Amino acid sequence: HAATQRFAIAISCTETTAQLETYDIVVYDLRTATQHGKSLKYHQSPISALEFNADGRYLISYSAHEDPLPLLVVWKISANEGVLGFFASASKCLHVIQLQPLSTKLPPLFHVQNTQIVWDVNNKNKIRLQREDQSISEHVVL
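Residues numbered from 1 in each chain as written. Predicted model: local features only at pLDDT ≥ 70, side-chain atom pairs only at ≥ 80, totals over all residues. Heavy atoms only, no water.

A. Seen up close, the layout of surface pockets. Considering only enclosed or pocket space, the second largest pocket measures out at about 180 Å³ in volume. Here the lining of the second largest pocket is composed, by residue class, of six nonpolar, two polar and five charged. (1 Å grid on protein atoms, 1.4 Å probe; cavity = no way out; pocket = protein on both sides within 12 Å on 5 of 7 lines; lining within 4 Å. Points joined across faces, edges and corners; volume = space filled by probe spheres on them. Nonpolar A, V, L, I, M, F, W, Y, C, P; charged D, E, K, R; others polar.)

B. Main features of the pattern of salt bridges. For the coordinates displayed, the defined rule picks out four salt bridges. For Arg31, the salt bridge goes to Asp29, with nearest N and O atoms at 3.5 Å. With relative accessibility at 54%, the residue Arg31 sits in the exposed group. You can call Asp29 buried: its relative accessible area is 11%. (Salt bridge = Lys/Arg side-chain N within 4 Å of Asp/Glu carboxyl O. Buried < 20%, exposed > 50% of the residue type's maximum accessible area, 1.4 Å probe, protein only.)

C. Molecular detail of unusual backbone geometry. The omega angle of the peptide bond from Asp67 to Pro68 is 15°, so this bond is cis rather than trans. Positive phi outside glycine occurs at Ala33, with the angle close to 55°. Topologically, Ala33 is positioned in the loop between strand 2 (20-29) and strand 3 (34-35). Given the relative accessible area of 69%, Ala33 is considered exposed. Here Gln134, not a glycine, exhibits a phi torsion of approximately 75°, which is positive. (Helix = DSSP H or I, 4+ residues; strand = E, 2+ residues; numbered from the N terminus.)

On their own, these measurements won't tell you what the molecule is for.
This is the structure in structure tokens:
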């Protein structure tokens, strides 16, 4: 995100004790070249798209392969994580929107290359999601 100089990336993590694979989001502060707070944890399947809103305070993540249904997750990104996470509010999941499953099975890379999230410039509480199958839906997220 340009104004806040934040960059978000989805990563795959394996929890060794239970051998569970999770998919976390890591937000980096490019001004300080450090991770912005703790990883954001919710997804149990690969994340297809991430998008900050205009002021960088909110992030949307989309996963087409969640079980049982694809998900949009709305995140509130804290303004400042503080020193080692102390004295500041942490980023958190605000809510989750379940979507209808895709009608066709597509290869994993196709999801990343053909999914797009766009925040509505006229209604800052709404996004437009273009999914892998080229279907378009609008969602009120805030």
